[in-house]
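# Chains, contacts and geometry: an overview
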Amino acid sequence: MIKRLIIVLPLAACLLAAFAPAGAGDARLAEAQALMQRGEVDAAAGLWREVATDAASRGDAEARDQARQALASLAFQSGDYETFTALQQARRSDALARGDARTEADARMELALLERRRGHLAQARSALDEVIERFRALDDRSGEGRALTHQALVLLNQGEFAQALDALDRAQELQRQGAQIELDRTYHYLGLLHRSLHDNEQARRYLELALVQARAHADPMRVAPVLGSLARVSNDADEFAAALRHTDESLALAQRAGSVPGQAYSLLERGRALLGLERFAEARAALEDARRLSERVSQDRTAADATFALGRVARAEGDASGALRLFREAVANYEAASDAPQTYDAYRQMIPLLRELGEHAEAARLGEAALELEQQVAGRNAARRVALME
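My aim in this report is to walk through the structure given alongside it, one point at a time. (Residues numbered from 1 in each chain as written. Predicted model: local features only at pLDDT ≥ 70, side-chain atom pairs only at ≥ 80, totals over all residues. Heavy atoms only, no water.)

### Observations regarding the environment of Glu-133
Condition: A run of DSSP states H or I qualifies as a helix once it reaches four residues; a run of E qualifies as a strand once it reaches two. Both are numbered from the N-terminal end. With a 1.4 Å probe rolled over the protein chains alone, any residue whose accessible area is under 20% of its type maximum counts as buried; one over 50% counts as exposed, and the rest are partly exposed. Each polar contact in these results corresponds to two N or O atoms within 3.5 Å; when the atoms are within protein, one needs to be able to donate a hydrogen and the other to accept it, and residues that are neighboring in sequence are counted only if both atoms are side-chain atoms.
Turning to its location among the elements, Glu-133 is positioned in helix H7 (residues 121–137). Residue class for Glu-133 comes out partly exposed when judged on its relative accessible area of 44%. Measuring from C-alpha to C-alpha, the distance between Glu-133 and Ala-105 comes to 9.6 Å, with 28 residues separating the pair along the chain. Within the local environment of Glu-133, its side chain forms a polar contact with the side chain of Arg-136, the two groups lying 2.7 Å apart.

### Comments concerning the packing of helix H13 (residues 240–257) against helix H14 (residues 260–276)
Defined as follows: Lines fitted to the C-alpha atoms define the axes, with helices restricted to the stretch that makes contact. Angles between their N-to-C directions range from 0 to 180 degrees. Note on terminology: angles under 35 degrees are roughly parallel, angles over 145 are roughly antiparallel, angles of 65 to 115 are roughly perpendicular, and the others are oblique. Helix crossings are classified by the rotation of the near helix relative to the far one: an anticlockwise turn of less than a right angle makes the crossing left-handed, while a clockwise turn makes it right-handed. In this analysis, two residues are considered to be in contact whenever any of their non-hydrogen atoms come within 4.5 Å of each other. Note that Gly is not counted as nonpolar here; it falls among the polar residues with everything else outside the nonpolar set of Ala, Val, Leu, Ile, Met, Phe, Trp, Tyr, Cys and Pro and the charged set of Asp, Glu, Lys and Arg.
Where H13 meets H14, the axes come as close as 9 Å, and the angle between the chain directions of the two elements is 160°. When the interaxial angle is binned, H13 and H14 end up roughly antiparallel. The way H13 lies across H14 gives a crossing that is left-handed. Touching Phe-240, Ala-243, Leu-244, Thr-247, Asp-248, Ser-250, Leu-251, Ala-254 and Gln-255 of H13 are Gly-262, Gln-263, Ser-266, Leu-267, Glu-269, Arg-270, Arg-272, Ala-273, Leu-274 and Gly-276, all from H14. Taken together, the residues that form the contact of H13 with H14 break down as eight nonpolar, seven polar and four charged.

### Describing the nonpolar core
One broad rule of soluble globular proteins: the nonpolar side chains tend to lie buried together. Convention followed: The set of buried Ala, Val, Leu, Ile, Met, Phe, Trp, Tyr and Cys residues whose side-chain atoms join them within 4.5 Å is what this entry labels a nonpolar core.
Counting residues in each nonpolar core, the largest one holds 70 residues, and the members touching the most others are Trp-48, Phe-84, Tyr-334, Tyr-347 and Met-350. If near-sequence neighbours (up to four positions away) are discounted, Tyr-334 is found in contact with Arg-301, Ala-304, Asp-305, Phe-308, Asp-339, Gln-342, Thr-343 and Ala-346. By size, the runner-up hydrophobic cluster in this structure holds 47 residues, among which are Leu-183, Tyr-187, Ala-210 and Ala-257.

### Quick look at the packing of aromatic side chains
Formally: Geometry of aromatic contacts follows a simple scheme: Phe, Tyr and Trp rings, the Trp one being its six-membered ring, pair when their centres are within 6.5 Å, and the pair is stacked under 30 degrees between planes, edge-to-face over 60, tilted otherwise.
By the definition in use, this model includes five aromatic pairs. On the numbers, 5.0 Å between centres and 45° between planes, the contact of Phe-308 with Phe-327 is tilted. You can see Phe-308 sitting in helix H16 (residues 300–316) and its partner Phe-327 sitting in helix H17 (residues 320–336), a full 19 residues away along the chain. Relative accessible area serves as the criterion here: at 9%, Phe-308 is assigned to the buried category. Given the relative accessible area of 0%, Phe-327 is considered buried. A network of ring pairs unites the aromatic residues Phe-76, Tyr-81 and Phe-84 as a single cluster.

### Thoughts on the pattern of salt bridges
Rules: Only one rule defines a salt bridge in this text: a Lys or Arg side-chain nitrogen within 4 Å of an Asp or Glu carboxyl oxygen.
In total, this model carries 31 salt bridges according to the counting rule given. The salt bridge partner of Glu-269 is Arg-272, with a shortest N-O separation of 2.9 Å. Linking Glu-269 with Arg-272, this pair stays in helix H14, spanning three residues, or about one helical turn. For the pair formed by Glu-269 and Arg-272, the shared burial category is buried. Several salt bridges share partner residues, and in doing so they unite Asp-65, Arg-91, Asp-106 and Arg-146 into one network.

### Side note on helix H6 (residues 101–117)
Here is the rule we go by: Expected helix span is taken as 1.5 Å per residue step, with the number of steps being one fewer than the number of residues.
Counted at 1.5 Å a residue, the expected span for H6 with its 17 residues is 24 Å, and the 25 Å between its end C-alpha atoms agrees. Burial analysis of H6 places 13 of its 17 residues in the buried class, which makes it a mostly covered element. Among the residues trailing H6, Gly-119 stands out with phi positive, at a value near 85°.

### Concerning unusual backbone geometry
The backbone phi angle of His-198 is positive, close to 60°, even though this residue is not glycine. Structurally, His-198 is set in the loop between helix H10 (183–196) and helix H11 (200–215).

### Side note on the side chain of Arg-68
Position of Arg-68 relative to the elements: it lies in helix H4 (residues 61–78). Since its relative accessible area comes to 13%, Arg-68 is described here as buried. Leaving out residues up to four positions away in the same chain, Arg-68 has contacts with Leu-87, Ala-90, Arg-91 and Asp-94.

### What to know about the environment of Leu-326
With respect to the element layout, Leu-326 can be found in helix H17. It is 9.6 Å that separates the C-alpha atoms of Leu-326 and Ala-306, two residues lying 20 residues apart in sequence.

### Here we look at the environment of Val-154
Relative to the elements of secondary structure, Val-154 occurs in helix H8 (residues 141–157). By relative accessible area, which is 0% here, Val-154 ends up buried. C-alpha of Val-154 to C-alpha of Ala-124: the two residues are 30 residues apart in sequence and 7.2 Å apart in space. For Val-154, the contacting residues outside a window of four places in its chain are Arg-116, Leu-121, Ala-124, Arg-125 and Leu-128.

This is the structure in C-alpha cells:
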C-alpha cells in the first residue's frame, strides 16, 4: 500500500530557504540552525525573536509569521504550551486579518497537535478534519498531506486502525503528486500501527527505517521520539536491556534539546524496562519522574501511563491496595479518552486485585465491561488486519 515516499527538509531548513532573499538575515538564520544542532535552544530562540522583531518593524508579514512558527516549534518541543498557544493564536489572528487562508489553516493544525499531545483526541480529530478540508479547498497538497499524517496518529490512538491506515495511504497518494511530507514520520507511524497489531517484527522494521531517516537530519528531536518508540516495542517483546539502551540515547537527546515532553516519555519507557528487569526501586524513581514532568506540562496521557506502570510496580512488590489505587487513577484517563485497548488492559489488571481485596461487585462489573471491550478490540484487530492485506 505504501508505495513511493518523498524526503523533505526539516522545519529549520525550510525556514532558511524561505528567508534566503533577506541578505543580512541569512547569516543570522544559519546561526540559529547551527545553535539548534548543538542543543543551544535558548540562544537560537533569541535569534528567532530578533528576526520576528525586525520583520514586524519593516512590515514583512511572511517573515514575521515564519519566525513565530520557529519560536512556537521550540516552545512545543520544550513543553511550554502557553507560549506555543499564544504564538499560534497570534499567527492565526494575523492570517485572518490579512486574508491568508493557508497560514490560518497551518496555525489551526498546529493547535490541534497540542490537543493530541494532551490526550484530547476527539478535539484533535475534529480540528484536523476541518484543517484537511481547508487545505483541500486551497489545493495545498503538502498541507493536506501533513494534516492527514497527523490525523493518522490520532486515529491510531483512538483504536481506529483501518482509518489510520487509510489516512496514511491518502497522504502517500498526495506525495506521489508532489506533496512534501516527512518520511521519518510516515515510517514512525507505520511502526506504531504494526505495534498495535502485535507484529513486533514489522513494527521494529519500520521504526528502524524511521530512525535512519531521522538521523539524516541534524534535529535531535526527530531522533528521540523514534528511539522512544523502539524502546516501547522492545519492552513489549520483553527485551528490556535493549529498551534501556534506546532510552539512554533518547533521554540524553531530550535533555540536550530541553524537551520536557521528550524526557517524560523516555523516562516512562525506561521505567517499564527497569520493571521488566525487576529493578523495582529504580523503576519507581523513573516513573515518578515521568509522571512529575508530564503533569508539569499538562500532558495527561503520559502521566496516566506512568501512573499505570507505577501500579504494576506496586503489584509486583505485593502492594495490592496501592496497585489498585494507581490503576483506578490511570484508567479514568483511558476511559475519558475512549481508548478501548488501554482501558481493556487496565481492567484485566484490576479485576484480580478487586477479587483479592473482596470487592466482588466491582470485579463483576468490570468483568462485563471487559468482555464488551474485548469484542470491540477484537473486531478492530480483524478490521485492521484485513485493511493491511488489501
